[in-house]
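Structure at a glance
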Amino acid sequence: MAGRKGRQEVLESVYSVIALVFILVACVELCDAATVVDVYRLIQYDISGVPYGSRLSNLNHHASSFPFSPGTDPSRTVFLINFRDLNLTSIQEYITEKRQLGGLLLLLPQKFSHSNKEAAEEGGQTHEQEQTRGLLIELEQLLIGANIPYPVYFAFEDDKIDAVLDDIKRNDALGQPATATTGGYKFVVSTPEPKKLASSTLTNIQGWLPGLKAAGDTNQLPTIAIVASYDTFGAAPALSVGSDSNGSGAVALLEIARLFSCLYSNPKTRGKYNLLFGLTSGGPYNYNGTQKWLRSLDQRLRESIDYAICLNSIGSLDSELWMHVSKPPENAFIKQLYEGFSDVAADLGVKVGVKHKKINISNSRVAWEHEQFSRVRITAATLSELSVAPGLLESFGGLHDQRPLVNPAAVVRSVKLVAESLARHIYGYQGKNIQIFKDGSSLAVNPSYVTSWLDLLSRTPRVAPFLPKNDPFILALKKELEDHTAEVNIQHELLDGIFTFYDSTKSQLNIYQVASVTFDLLLSLVLGSYLILLFCFLVITTRGLDDLIGLFRRPPSRKMKSG
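As annotated in an unreviewed UniProt entry, the chain carries the name Nicalin and is attributed to Papaver atlanticum. For the record of the chain, the UniProt heading Sequence similarities (unreviewed entry) holds the text "Belongs to the nicastrin family." The chain has a UniProt comment under Subcellular location (unreviewed entry) that states "Endoplasmic reticulum membrane".

Next up, the structure:
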């Protein structure tokens, strides 16, 4: 009985040792996490039920560089691509031919990160950055215009993930792509599958500065509207800050409101025009928010609008500014408006051109914000550095449109142009070489104010469907207009139903460095052999060789015992 009990204790020890071996082997793959990275998912949306963008969000595949090595199974591989090494033609072939990939992770230059303070302060663009921006625009339009049946993510390059990419490239060059057999890196994103957003809210913010009526005058004063759409659209909603389109226009509107609030706060300098300031939403979606805002205005107010100036993408110092109109330039109202801008532009050393595009009422496509005014018979124009209208969902604050793209001096110049033109019209100084907003005076444009608001907008993704009604940014805009206007109204509307959006825009990527199955087996063999030898040594030294042999000797059968 004592021998059997001792044998049982030794066998239990053996089982414990074997269990320990398996635990150690299992931990080989799980304990070697390389890094954790913030990743930003490609937008997922539908237009009239037609799917676009990335349709999946979860990742759990080995990683490889692009183009993949022979032997790689693309459908079970996440391809990590540094944007600097991007071959757009190859990516385009994979997307247009609908080849199945496990996933795609694109590394963007830090220069295009909205958290890059050094780039923001530097401003301007080099030739290399301009080329990068152009390629990024092409990539973005390719991705948002396709139905992609696998996860697509963006991340920003840094030392950690660059090291991972270098290792992956090295292994691929040696003909050792990452697989379950050879090991390598595994990319894991665990997130709930995207769900449709129940509703997409558009928020319009309206500020009002009343003009000064003459004693006994019962007629309604004419109104001038200054309008800018503030929301964005891009391949990655969590990165779509739209510093130029249309952060520059929104910032210019706030500064114009601040300047005229100084004039209108004094009855002696208050003009005989009402000023209506509109920060509108839904710009990327045919300026749907502007349409709903105009419909909500009191009819008398709408009929009192003399003209409207819409500000769009005015943050590039090197570009000529264009005044886009729907009525022919020969029209008396348009001619007067253009001449007012031209006179001030000449004083500022700025060149302003005029572009005429007739509206097709039967076409639902709205290329410029002023067209929504023109459709309700209000004279309006859009001031922009863009000479041609962007297409649907194009140039509304994509990945390339970050703070380095915008020059605060360009926004200051545009503010001077618009504010001075408005002031000369309001106070009857058309055609005269007079400056109301002089540098160094109390009515000077404030570059610090412009820069601070540009910085704030450049840190704030503003894709309308993902902005709740009480978003801190919307409340900040409302508060700013309240500080500079006499009355502020906020309007919430639903985006027209042809657009459907999905959540899940930002996640964390876990990168694991995993060993190959061969390595696991070899490690198991080495550990097992070592532990068995150690066990045998301990048994021999404590109980003798006979007890060790007895552990492996087959016990006698019951028949032999009964015999």
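To continue, consider the pattern of salt bridges. Applying the stated criterion to the full structure yields 14 salt bridges. Salt bridges sharing partners connect three or more residues here, namely Asp347, Glu420 and Arg424.

Once that is clear, we can look at helix α7 (residues 288–296). All of the buried residues in α7 are Asn288, Gly289, Thr290, Lys292, Trp293 and Leu294. Buried residues in α7 make contact with β10 (201–209), β11 (223–229), β12 (274–280), α8 (299–304), α10 (370–374) and β17 (487–494).

For the structure on display, the rule yields 16 aromatic pairs. Aromatic pair tryptophan 293 and phenylalanine 373: ring centres 6.3 Å apart, planes at 75°, arrangement edge-to-face. Placement of tryptophan 293 in helix α7 and of phenylalanine 373 in helix α10 is noted, with a sequence separation of 80 residues between them. The rings of Tyr45, Tyr52, Phe233, Tyr285, Phe466, Phe499 and Phe501 are connected pair by pair, giving a single aromatic cluster. Positioned above the aromatic ring of tyrosine 449, the side-chain terminus of arginine 258 is 5.7 Å from the ring centre.

Our focus in this paragraph is the pairing of strand β13 (residues 305–312). By the criterion of burial, β13 is predominantly enclosed, with 7 of the 8 residues buried. Looking at chain direction, β11 and β13 are connected through 5 bridges and run parallel. In the sheet register, threonine 223 faces β13, and the bridge partner there is isoleucine 305. Alignment of β13 against strand β16 (residues 380–384), held across 5 bridges, turns out to be parallel. By the bridge assignment for β16, alanine 308 is matched with alanine 380.

With respect to the secondary-structure elements, proline 149 resides in the loop between β7 (147–148) and β8 (152–156). Sequence spacing of proline 149 and isoleucine 95 is 54 residues, and the spatial spacing of their C-alpha atoms is 9.5 Å.

With that out of the way, let us pick up the sheet that holds β7. Ordered by their spatial adjacency, 4 strands build an open sheet running β7-β3-β2-β18, and the pairing between neighbours is mixed. Edge positions in the sheet fall to β7 and β18 (499–501), since each of these pairs with one other strand and no more. The pairing of strand β2 (residues 44–47) with strand β3 (residues 50–54) spans 4 bridges and is classified as antiparallel. Within β3, the residue paired with aspartate 46 across the bridge is proline 51.

The next point concerns the packing of helix α6 (residues 247–264) against helix α13 (residues 472–484). The interhelical angle for the contact between α6 and α13, taken along N-to-C directions, is 20°, at an axis separation of 8 Å. What the angle tells us is that α6 and α13 run roughly parallel. Packed against α6, whose contacting residues are Leu253, Leu254, Ala257, Arg258 and Ser261, the element α13 presents Leu477, Glu480, Leu481 and His484 at the interface. A breakdown of the residues in the contact of α6 with α13 according to their chemical character gives 5 nonpolar, 2 polar and 2 charged.

About the thresholds
Residues numbered from 1 in each chain as written. Predicted model: local features only at pLDDT ≥ 70, side-chain atom pairs only at ≥ 80, totals over all residues. Heavy atoms only, no water. UniProt positions renumbered as here; feature names shortened; annotations may be inferred. Salt bridge = Lys/Arg side-chain N within 4 Å of Asp/Glu carboxyl O. Buried < 20%, exposed > 50% of the residue type's maximum accessible area, 1.4 Å probe, protein only. Helix = DSSP H or I, 4+ residues; strand = E, 2+ residues; numbered from the N terminus. Contact = heavy atoms within 4.5 Å. Phe/Tyr/Trp six-rings, centres within 6.5 Å; stacked < 30°, edge-to-face > 60°. Lys NZ or Arg CZ within 6 Å of the ring centre and 35° of its normal. Pairing = 2+ DSSP bridges. Axes fitted to C-alpha atoms, helices over the stretch in contact; angles between N-to-C directions. Parallel < 35°, antiparallel > 145°, perpendicular 65-115°, else oblique. Nonpolar A, V, L, I, M, F, W, Y, C, P; charged D, E, K, R; others polar.

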